[in-house]
Amino acid sequence: MKSLNNFLVGILMGVVGQFPGASGSTVAVVFRIYDRLITDFANLKTKLISDFRFVLTVFIGVVLGYVVCAIVLNKAMEDYKVPLYFMFGALILIQIPEIRSYTRTGEKYTVPNWLAFFVSVGIILSIFAIQHLTEFTLDTNWIVMFFAGMIVVVAMIAPGISGSTILLVLGIYEAFTGAIRHFDMSLLVPIALGGIAGALLFTKVIDHFMTVSRRSTDCAIYGLTLGSVIVVFAEAFIGISGTDMILQSVMCAIIGAIGGYALLKAARTYSDENDEC
């Protein structure tokens, strides 16, 4: 049962990670498996082997969710982009109080804590600004796809940072999702290699900061997540037009809020079950 739960959490991480403006690692934070994943990848020799079953089930779920969503989401984004932004924005918004609670230790926030929070929010807003103020496009080749894979995995590791948004900024989002939809091995192989490199390198960075400055790291995670909510809703409001779209957006926002609440309840149940084991 635990393996099935981990697999389903992985699928949800993959699905959320595909959506521009959203981060799959936010799901890992809410379900309280984020620390475990980071520790496992950062300490391959001592942790990953002993926790291999957990990592494998989550990984398979992430890949499956990401691939299926890449196939399905492309068409849905063409027809219902703005309502879907409202749905995902509401879904993430509901998680904000839970993620903020991780920063509370009973002590006053320090200058490094506040700095980590505001810098993190600034990073997300800067990515959003660059996306809308520039028209930057890279050529599609194996080197670019290698770094695209690295970007997606690093974004999957860093809560609040959307790999899909960064790919949109670089002008390679369609090429990336197209490679997945059409199983183009000439592009999928460098994507996979980049993803592995990103996971091995960046998890050590996160693990270091979680060890030496845990509260500031939690504040940074909170800032990244809050920033992503702002970006998703800004993207939605920019694109809204017409009464029909407004009604669709309101309905999707309600669905997202309900889904977010259900996700939060499921995460707490999942956490309680793991604590009992």
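Before any of the text, the structure's been laid out above.
Cut-offs and rules
Residues numbered from 1 in each chain as written. Predicted model: local features only at pLDDT ≥ 70, side-chain atom pairs only at ≥ 80, totals over all residues. Heavy atoms only, no water. 1 Å grid on protein atoms, 1.4 Å probe; cavity = no way out; pocket = protein on both sides within 12 Å on 5 of 7 lines; lining within 4 Å. Points joined across faces, edges and corners; volume = space filled by probe spheres on them. Helix = DSSP H or I, 4+ residues; strand = E, 2+ residues; numbered from the N terminus. Nonpolar A, V, L, I, M, F, W, Y, C, P; charged D, E, K, R; others polar. Expected span 1.5 Å × (residues − 1). Buried < 20%, exposed > 50% of the residue type's maximum accessible area, 1.4 Å probe, protein only. Contact = heavy atoms within 4.5 Å. Salt bridge = Lys/Arg side-chain N within 4 Å of Asp/Glu carboxyl O.

Draft legend 1. Main features of the layout of surface pockets. Computed from the structure, the largest pocket encloses a volume of approximately 960 Å³. In terms of lining, the largest pocket is formed by 33 residues, of which the most central are Phe59, Val62, Val63, Val153 and Gly195. Contributions of two or more residues to the lining of the largest pocket are made by helix H2 (24–30), helix H3 (34–42), helix H5 (52–93), helix H8 (142–157), helix H10 (173–181) and helix H11 (185–212). The dominant element in the lining of the largest pocket, judged by the number of residues it contributes, is H5, at nine residues. Across the lining of the largest pocket, the residue classes tally to 29 nonpolar, four polar and no charged.

Draft legend 2. Geometry of H11. Given a rise of 1.5 Å per residue, 28 residues ought to cover 40 Å, and the 40 Å separating the end C-alpha atoms of H11 matches this to within 8%. Restricting attention to buried positions, one finds in H11 the residues Leu187, Leu188, Pro190, Ile191, Gly194, Gly195, Gly198, Ala199, Thr203, Ile206, Asp207 and Met210. Structurally, H11 contributes buried residues whose contacts are with H3, H8, H10 and helix H12 (214–239).

Draft legend 3. Inspection of the pattern of salt bridges at higher detail. Taken as a whole and assessed by the stated rule, the structure comprises three salt bridges. A salt bridge links Asp51 to Arg36; the nearest nitrogen and oxygen atoms lie 2.8 Å apart. With Asp51 in the loop between helix H4 (44–48) and H5 and Arg36 in helix H3, this residue pair connects regions lying 15 residues apart in the sequence. Classification of Asp51 as buried rests on a relative accessible area of 15%. In this structure, Asp218 and Arg214 form a salt bridge, with 3.2 Å as the shortest nitrogen-oxygen distance. Of the two residues, Asp218 and Arg214 both sit in helix H12, four residues apart, roughly one turn of that helix. Several salt bridges share partner residues, and in doing so they unite Asp35, Arg214 and Asp218 into one network.

Draft legend 4. A look at the environment of Leu188. Position of Leu188 relative to the elements: it lies in helix H11. Here Leu188 falls in the buried class, since its relative accessible area comes to 18%. Here the alpha-carbon distance between Leu188 and Phe176, two residues twelve residues apart in the chain, equals 8.6 Å. If sequence neighbours within four positions are ignored, Leu188 has contacts with Ala179, Ile180 and Phe183.

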